[in-house]
Amino acid sequence: MIPRNDYDIMIVGGGPAGVSTWLNLHKYAPELASKTILVEKEKYPRDKLCGGGLQKWMTQKIFDNLHIDLNIPFVSINNMEIRLGEDVYTYKEKDFFRVIRRIEFDHYLANTAMQRGLLIKENEKFLDVTHTSKGLLVKTNKTQYYTKILVGADGALSTVRRKMNLLKKPNLAPTIEIFAPVNPRFDLEFDNHSAVLDFTAINKGLQGYVWHFPCLKDGKTFMNHGICDSRILPNIKRANLKELFCQELLSRNIPYSPKSWRSHPIPYFRDSGILSKSNILLVGDAAGIEPFLGGGIHLSLTYGAVAATTILDAFKTDDFSFENYTKRVRDHYLGKYINKLTDIAKLVYSDNTKLINAAAQIMAYKH
Ligand SMILES: Cc1cc2nc3c(=O)[nH]c(=O)nc-3n(C[C@H](O)[C@H](O)[C@H](O)COP(=O)(O)OP(=O)(O)OC[C@H]3O[C@@H](n4cnc5c(N)ncnc54)[C@H](O)[C@@H]3O)c2cc1C
């Protein structure tokens, strides 16, 4: 019998990375999963600023393995347009990308895990962690816990990462995003089942792109428009993100109203970071994603799988140093994919003639 507030594993953050970690633990070590607690500072359904674009092959791999069906509304994408001025490359594959809403997706995933036995404490915020002779002492805004393992799945601005005092900090790519109702005159993507990644502003110093994703909001047809700037090459003068986004919105006749814009960073490493220390490991945005497309839902789900097997091995060998975790991530297809996209970002933002070829490679890339 586990004493109250004493758990083998504590997961901080109930987004895709945290919940996937638990679902994978539950699949491979149900006994350990039953001694795990997840604390989430918000209450479901909680939203997360995101384009909601689900890269299918990596997501499907995880979902098939965990026996999860995507039983929420989504828009199926059959065409991905990569633009650079007049040059357009279109990748075509039926239903290879899906646009979901995070408020629904994350709630659905958390409910799936709760139905399988996950103990979630909502409205509970992780504050601090210290190593003690009895294990890790974790403080939240509600109480304190002892745990053997702490998993930081608390997103781009991870408090767990901050409390680990790691030497290397991830870079934060700024983004801006809005939702607007579909205007059939300008937003042809909804009917065409297309999504657009427009890199044209590389010529104005942007190290990123503007995206246009069709989506459903409360059953109504909407567009998600956004812009991101990786700034992976620090010596190039920063683009004026607000001005570029404003021009883009005006070109689609969307009223210019920065008050309705929302912003949140995308974390990544220029070179690989350190993702663990003794008894603590990081997953998802807390660990860092990739700077080229900035897509992290599928990566976060996959981080959960790598973390769960690492935790399992730690219990088998009674070694909780997690010295090998960063290498495990790097050697996994997850790490290889992140590295590939990091290299592509450096290449394309220093020489934009490489974009179309690189984009074609990525779209067709499957493990
Ligand atoms: C504008 C924008 C657009 C994006 N578009 C896409 C896209 O189209 N496709 C894609 O794949 N990716 C996209 N991403 C990236 C994607 O949103 C993230 O990679 C993904 O959400 C990471 O999942 P996660 O579980 O690691 O973190 P999150 O989803 O951020 O979840 C972290 C959770 O931790 C909780 N939390 C935080 N601090 C604490 C604390 N102290 N205590 C307890 N709980 C805490 C939060 O409430 C949250 O629920 C986008 C990101 C941005 C900013």
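Just above, that's the structure.
Residues numbered from 1 in each chain as written. Predicted model: local features only at pLDDT ≥ 70, side-chain atom pairs only at ≥ 80, totals over all residues.

1. Section: unusual backbone geometry
Here's step 1: A cis amide bond, omega -5°, links Y44 with the succeeding residue P45.
Here's step 2: Inspection of the secondary structure puts P45 in the loop between β2 (36-39) and β3 (53-55).
Here's step 3: With a phi close to 55°, N123 is a non-glycine residue in the positive phi region.
Here's step 4: Position of N123 among the secondary structure elements: in the loop between β6 (119-121) and β7 (126-132). (Helix = DSSP H or I, 4+ residues; strand = E, 2+ residues; numbered from the N terminus.)

2. Some points on the pairing of β2
Here's step 1: A two-sided burial pattern is seen for β2, the buried positions comprising T36 and L38 on one face and I37 and V39 on the other.
Here's step 2: Pairing analysis gives 4 bridges linking strand β1 (residues 6-12) to β2, with the strands arranged parallel. Looking across to β2, one finds that V12 is bridged to V39.
Here's step 3: Inspection of the sheet shows β2 paired to β6 by 3 bridges, in the parallel sense. Within β6, the residue paired with V39 across the bridge is K121. (Buried ≥ 20, exposed ≤ 12 C-beta atoms within 10 Å, placed from the backbone. Pairing = 2+ DSSP bridges.)

3. Details of helix α1 (residues 16-28)
Here's step 1: Over its 13 residues, α1 runs 18 Å from end to end, which matches the ideal 18 Å to within 8%, given 1.5 Å per residue.
Here's step 2: Counting buried residues in α1 gives 11 out of 13 residues, a clear majority hidden from the surface.
Here's step 3: Taken residue by residue, α1 has P16, A17, G18, V19, S20, T21, W22, L23, N24, L25 and H26 as its buried positions. (Expected span 1.5 Å × (residues − 1).)

4. Structural notes on the site of the ligand
Here's step 1: Near the ligand, the surroundings consist of 39 residues, among which G13, G15, G51, G284 and G296 are the closest.
Here's step 2: For the shell around the ligand, a count of residues per class yields 12 nonpolar, 18 polar and 9 charged.
Here's step 3: Mapping the shell around the ligand onto the domain boundaries places at least three of its residues in each of domain 1 (6-71 + 104-170 + 267-364) and domain 2 (173-266). (Near = placed C-beta within 6 Å. Nonpolar A, V, L, I, M, F, W, Y, C, P; charged D, E, K, R; others polar. Domains from an automatic or database assignment.)

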